[in-house]
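Each chain, letter by letter, is given below.
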Amino acid sequence: MDLEDLPPRAFAAVGLLALVPIAWYGLSLSPTAAAFAAVNVAIVIAAIYVAMGQLAGADDGHHGDDGEPTA
């Protein structure tokens, strides 16, 4: 499996790895700052996930043999 075969939304999940250092920071130094950082990371990841989704009713670019879009 190549990286090109993965859907773009799968790469948004990689952003969840940012929660690991935030948890470490929260446990060692400042739980309040870590909570705010975790909320910010969640907002950014959610925005990327939504932005990389397919639009409802959008043409996916697939065409039949006669050049006409397929249903």
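Residues numbered from 1 in each chain as written. Predicted model: local features only at pLDDT ≥ 70, side-chain atom pairs only at ≥ 80, totals over all residues. Heavy atoms only, no water.

### Details of the overall build of the protein
The test is simple: In DSSP terms, a helix is any run of H or I states spanning at least four residues, a strand is any run of E spanning at least two, and both are numbered starting from the N terminus. Residue exposure (1.4 Å probe, protein chains only): buried if accessible area is under 20% of the type maximum, exposed if over 50%, otherwise partly exposed. Only the protein chains shown count as cover for residues, and all accessible areas are computed by the Shrake-Rupley method using a 1.4 Å probe.
Helix and strand counts for the protein stand at 3 helices and 0 strands. When the helices and strands of the protein are read in sequence order from the N terminus, they spell out α-α-α. For the protein, with 71 residues in total, the buried portion stands at 10%. Working note: accessible area of the protein is about 5,800 Å², and carbon and sulfur atoms make up 68% of it.

### What to know about the environment of A33
Mapped onto the elements, A33 comes out in helix α3 (residues 31-51). Along the chain, A33 and I22 lie 11 residues apart, while their C-alpha atoms are 8.9 Å from each other.

### Notes on the confidence of the model for the protein
The line we're drawing: One number per residue, pLDDT, summarises how confident the predictor is, and it ranges from 0 to 100.
Across the protein, the average pLDDT comes to 80, with 75% of residues at or above 70. Across the protein, the secondary-structure element scoring lowest on mean pLDDT is helix α1 (residues 8-14), at 78, and the one scoring highest is helix α2 (residues 19-28), at 93.

### Side note on α3
Rules: Given a helix with a known number of residues, its expected span is that number minus one, times 1.5 Å. Arc, as used here, means the arc of the directions from the helix axis to the C-beta atoms.
In this model, α3 (21 residues) spans 30 Å end to end at C-alpha, consistent with the 30 Å of a helix rising 1.5 Å per residue. Among all positions in α3, only A34, V41 and I45 are buried. The buried residues of α3 occupy an angular sector of 30 degrees when projected down its axis, which confines them to one face. Those residues of α3 that are exposed and angled more than 90 degrees off the buried face are T32, F36, I43, V50 and A51.

### Quick look at the packing of α2 against α3
So the rule is basically this: The axes used here are C-alpha line fits, helices contributing only the stretch in contact, and every angle between their N-to-C directions lies in the interval 0 to 180 degrees. If an angle is under 35 degrees, it is roughly parallel; if it is over 145, roughly antiparallel; if it lies from 65 to 115, roughly perpendicular; otherwise it is oblique. A clockwise turn of the near helix away from the far one marks a right-handed crossing, whereas an anticlockwise turn of less than a right angle marks a left-handed crossing. We call two residues in contact when some of their heavy atoms are within 4.5 Å.
Axis separation between α2 and α3 bottoms out at 8 Å; the angle between their running directions is 165 degrees. Here α3 runs roughly antiparallel to α2, going by the angle between their axes. Crossing of α2 against α3: the hand is left-handed. Listed contacts from α3 to L19, I22, Y25 and G26 of α2 are P31, A33, A34, A37, A38 and V41.

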